[in-house]
Amino acid sequence: MEKIIKKIESQNIKREIKEILSVLCWSVPKFTSKYIIDTSDRDVPDHEIKTCQEKIKQQLRRDTTPKEKLVPLLNFLKATEEYSKLIIDNKIPKFEPLTGLFSDYAIILREESNPINRKVLEVAAAYALAIGTAWGFNIVPIYTSDDYEKRYIVIWEGDVGHNCGSGTWGPAMCEVAESHFGSLFVDSAEHVFDTTLRCIDEVIGYSNGALILSGRRYANDDSNNYPSLKYLVKLSKNTENKWELNEEEFLSKKYL
């Protein structure tokens, strides 16, 4: 249960950061530049600023970024003069934290700006939240302009069945298809989606029949909350129409 709470807390911190940046009309590069310059006790060269920009951009994008790395970013943002002015002008929107439960449904749809993705989430998020806790939705189109049927893979993290126990949370997925009449529906699902990864860092996409993910596995000496071996994996469907490992590539070992 503690792991699930931490995952959702991290998700909410990222959402709050992005919401504040939107109200301030700040891009991520603008924010990260200000962050590294204002928190450094020396002049920061351009190449370090660019490195920091990329690092923080990745942290805000990945579902696996721990809370400890995000809290300093949020605290810095709330300490800026620009944020203080928003408070004075009463322009801070009311932030609605996600809980992982079905009450999140309206928030998830409201925050999705892409109209196609929103239609897919109308189906997929309802399904995911109806069978357990769910957060961190990723949508991957698996069709080309020549395909007759439009299909989407939707991957999320959650705890199917609300088991709320150590080791019960992980990735789940469903495939959303478009009917002949244009309506979307859940065509298939894998509640325990065996990606061969302990956690997914990034859903890269779909190419030549393969779903491409990057994420981490445990090394022999890793702690339970920090798998350090980073892999790129490609999954494809077997003869039973189930996704399985087709190809993998070791990328690096991430140290604490």
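Everything below is about the structure printed above this text.
The rules behind each value
- Residues numbered from 1 in each chain as written.
- Predicted model: local features only at pLDDT ≥ 70, side-chain atom pairs only at ≥ 80, totals over all residues.
- Heavy atoms only, no water.
- 1 Å grid on protein atoms, 1.4 Å probe; cavity = no way out; pocket = protein on both sides within 12 Å on 5 of 7 lines; lining within 4 Å.
- Points joined across faces, edges and corners; volume = space filled by probe spheres on them.
- Helix = DSSP H or I, 4+ residues; strand = E, 2+ residues; numbered from the N terminus.
- Nonpolar A, V, L, I, M, F, W, Y, C, P; charged D, E, K, R; others polar.
- Pairing = 2+ DSSP bridges.
- Axes fitted to C-alpha atoms, helices over the stretch in contact; angles between N-to-C directions.
- Buried < 20%, exposed > 50% of the residue type's maximum accessible area, 1.4 Å probe, protein only.
- Polar contact = N/O pair within 3.5 Å; in protein donor to acceptor, adjacent residues only side chain to side chain.
- Contact = heavy atoms within 4.5 Å.
- Phe/Tyr/Trp six-rings, centres within 6.5 Å; stacked < 30°, edge-to-face > 60°.

Colleague: So what's going on with empty space enclosed by the protein? Which residues, and what values?
Modeller: On inspection of all chains with the given rule, the structure shows 1 cavity of 30 Å³ or more. Lining the largest cavity we find Lys7, Asp63, Thr64, Gly136, Asn138, Ile155, Trp156, Glu157, Pro171, Cys199 and Ile200. Only strand E1 (132-141), strand E2 (151-160) and strand E5 (199-207) provide two or more residues apiece to the lining of the largest cavity. If you tally residues by element for the lining of the largest cavity, the top one is E2, at 3 residues. When grouped by side-chain class, the residues that make up the lining of the largest cavity number 5 nonpolar, 3 polar and 3 charged.

Colleague: Give me the sheet that holds strand E3 (residues 170-178): which residues, what numbers.
Modeller: Taken together, 4 strands build an open sheet; the order of strands is E1-E2-E3-E4 and the sheet is antiparallel. Of all the strands in the sheet, the pair left with one neighbour each is E1 and strand E4 (184-190). Here the average twist between neighbouring strands, direction ignored, is 30°. Across 8 bridges, E2 lies against E3 in antiparallel orientation.

Colleague: So what about unusual backbone geometry? Which residues, and what values?
Modeller: One non-glycine residue, Asn90, lies in positive phi territory at about 55°. One can find Asn90 in the loop between helix H5 (81-88) and helix H6 (105-111). The phi angle at Asn208 is positive, at roughly 50°, despite the residue not being glycine. Along the polypeptide, Asn208 turns up in the loop between E5 and strand E6 (210-217).

Colleague: Just give me the short version of the side chain of Thr65, but keep the residues and values in it.
Modeller: Looking at where Thr65 falls in the secondary structure, it is placed in the loop between helix H3 (46-61) and helix H4 (67-78). Residue Thr65 is classed as buried on the basis of its relative accessible area of 7%. Among the polar contacts listed, one links the side chain of Thr65 to the backbone oxygen of Gln59, at a separation of 2.7 Å. Ignoring anything within four residues of it in the chain, the contact list for Thr65 reads Ser10, Gln58, Gln59 and Leu70.

Colleague: Kindly report on the pairing of E6, identifying the contributing residues and their values.
Modeller: Burial analysis of E6 places 8 of its 8 residues in the buried class, the great majority of the element. Residues Ala210, Ile212, Ser214 and Arg216 line one face of E6 and the alternating positions Leu211, Leu213, Gly215 and Arg217 line the opposite face, and both faces are buried. A loop of 2 residues connects E5 with E6, the two strands running antiparallel in sequence, and Asn208 in this loop sits at a positive phi of about 50°. Note that E6 and strand E7 (residues 229-237) share 7 bridges and pair antiparallel.

Colleague: Can you explain helix H2 (residues 28-38)? Please cite residues and give values.
Modeller: Because the α-helix completes a turn every 3.6 residues, residues three or four places apart line up on one side. Taken residue by residue, H2 has Phe31, Thr32, Ser33, Tyr35 and Ile36 as its buried positions. Its side-chain oxygen at 3.2 Å from the backbone nitrogen of Lys30, Ser27 defines the N-terminal cap of H2.

Colleague: How would you explain the sheet that holds E5 if you had to name every residue and give the values?
Modeller: In any sheet, the strands associate via hydrogen bonds between backbone groups, in a parallel or an antiparallel arrangement. In spatial order, the strands read E5-E6-E7-E8; together these 4 strands make up an open sheet with antiparallel pairing. With partners counted over all chains shown, the strands left at the sheet margins are E5 and strand E8 (243-253), one partner each. The mean inter-strand angle of the sheet, taken between neighbouring strand axes irrespective of direction, is 20°. Of the pairings in the sheet, the one linking E7 to E8 comprises 9 bridges and is antiparallel in character. The residue of E8 that forms the bridge with Lys237 is Trp243.

Colleague: Outline the environment of Ile131, supporting the account with residue identities and numerical values.
Modeller: By the element assignment, Ile131 lies in helix H7 (residues 115-131). Considering only alpha carbons, one finds Ile131 and Ile108, 23 residues apart in sequence, at a separation of 16 Å.

Colleague: Break down the side chain of Thr133 for me, with residues and values.
Modeller: Looking at the secondary structure, you find Thr133 in strand E1. At 2.9 Å, the side chain of Thr133 forms a polar contact with the backbone nitrogen of Asp159. When near neighbours in sequence (up to four residues on either side) are disregarded, Thr133 contacts Gly100, Leu101, Trp156, Glu157, Gly158, Asp159 and His162.

Colleague: Quick rundown of the packing of aromatic side chains? Include the residues and the values.
Modeller: By the definition in use, this model includes 7 aromatic pairs. Centre to centre, the rings of Tyr127 and Trp156 are 6.5 Å apart; their planes meet at 75°, and the pair counts as edge-to-face. With Tyr127 in helix H7 and Trp156 in strand E2, this pair connects stretches of sequence that are 29 residues apart. For Trp156, a relative accessible area of 2% translates into the label buried.

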